[in-house]
Amino acid sequence: KERTFSIIKPDATRRNLTGEINAVIEKAGLRIVAQKRVKWTKAQAQEFYAEHKERPFFKELVTFMTSEPIVLQVLEGEDAVAKYREIMGATDPAEAKRGTIRKKFALSKGENSVHGSDSTKSASREIKMNFIAKEIA
Ligand code: ATP
Ligand code: MG
């Protein structure tokens, strides 16, 4: 089975939405096979989002992702990467489809409640960066 990496972002943890987001994930048939709540350092956020370091919103993104604790997850299921992207919805909640996590909960393009890996290659990098093997079961 395929695995993907998920983050419940600060705008969502702050509003106590972890349980509601997990309900959407589980109803879609994805299994939460690892989960932990952490607060990232600036260096961790910069490394995670390194591919965006030249983008105009990079500094804002790092400040946001280190503003409050976040929930890191590994999700498992058939076509987990694509399935999670589908139930997350578009980056901008104004463009997200009805029923998606971002349509329901996101506040803006930046404060958009969740992250999900964009490919199996990214998923593998992001999982390795945040979990050790024995934390996943
Ligand atoms: P994610 O990678 O979090 O799943 P995404 O792949 O839909 O989201 P990316 O283009 O990879 O979007 O951007 C990564 C993250 O950077 C977004 O989720 C969002 O939090 C932030 N971001 C993207 N565009 C903007 C913007 N224009 N203004 C502020 N923040 C932004
Ligand atoms: Mg992305």
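Residues numbered from 1 in each chain as written. Chains lettered and ligands numbered in written order. Predicted model: local features only at pLDDT ≥ 70, side-chain atom pairs only at ≥ 80, totals over all residues. Heavy atoms only, no water.

In the annotation of an unreviewed UniProt entry, the entry for the chain reads Nucleoside diphosphate kinase, and the organism field reads Hyphomicrobium nitrativorans NL23. The Cofactor (unreviewed entry) field of the UniProt record for the chain holds the comment "Mg(2+)". In its Subcellular location (unreviewed entry) section, the UniProt entry covering the chain states "Cytoplasm". (UniProt positions renumbered as here; feature names shortened; annotations may be inferred.)

(A) Structural detail: the layout of surface pockets. By volume, the largest pocket is sized at about 530 Å³. In this structure, the largest pocket is lined by 23 residues; those nearest its centre are Lys9, His52, Phe57, Thr91 and Asn112. Broken down by secondary-structure element, the contributors of at least two residues to the lining of the largest pocket are helix 4 (58–65), helix 5 (80–88), strand 4 (114–116) and helix 7 (120–130). It is helix 4 that contributes the most residues to the lining of the largest pocket, 3 residues altogether. Grouping the constituent residues of the lining of the largest pocket by class yields 6 nonpolar, 7 polar and 10 charged. (1 Å grid on protein atoms, 1.4 Å probe; cavity = no way out; pocket = protein on both sides within 12 Å on 5 of 7 lines; lining within 4 Å. Points joined across faces, edges and corners; volume = space filled by probe spheres on them. Helix = DSSP H or I, 4+ residues; strand = E, 2+ residues; numbered from the N terminus. Nonpolar A, V, L, I, M, F, W, Y, C, P; charged D, E, K, R; others polar.)

(B) Summary view of the site of ligand 1. Ligand 1 sits among 17 residues. The nearest are Lys9, His52, Thr91, Gly110 and Asn112. Here an oxygen atom of ligand 1 sits 2.9 Å away from a polar atom, N or O, in the main chain of Gly110. For ligand 1, whose accessible area on its own is 570 Å², the fraction buried by protein is 83%. Applying the majority rule of atoms within 2 Å of the grid points places ligand 1 in the largest pocket. Listing elements by their share of the shell around ligand 1, those giving two or more residues are helix 4, helix 5 and strand 4. Here the element with the most residues in the shell around ligand 1 is strand 4; it accounts for 3 residues. (Near = heavy atom within 4 Å. Polar contact = N/O pair within 3.5 Å; in protein donor to acceptor, adjacent residues only side chain to side chain. Areas by Shrake-Rupley, 256 points an atom, 1.4 Å probe, with all protein chains shown as cover. Sits in = over half its atoms within 2 Å of the grid points.)

(C) The UniProt feature "active site" (unreviewed entry) in the chain, seen in detail. Mapped onto the present numbering, the UniProt feature "active site" (unreviewed entry) falls on His115. You can see His115 is positioned in strand 4. Taking relative accessible area as the criterion, His115 reaches 11% and is therefore assigned buried. Among residues more than four places away in sequence, those in contact with His115 are Phe5, Ser6, Ile7, Lys9, Phe48, Tyr49, Tyr84, Met88, Arg102 and Glu126. (Buried < 20%, exposed > 50% of the residue type's maximum accessible area, 1.4 Å probe, protein only. Contact = heavy atoms within 4.5 Å.)

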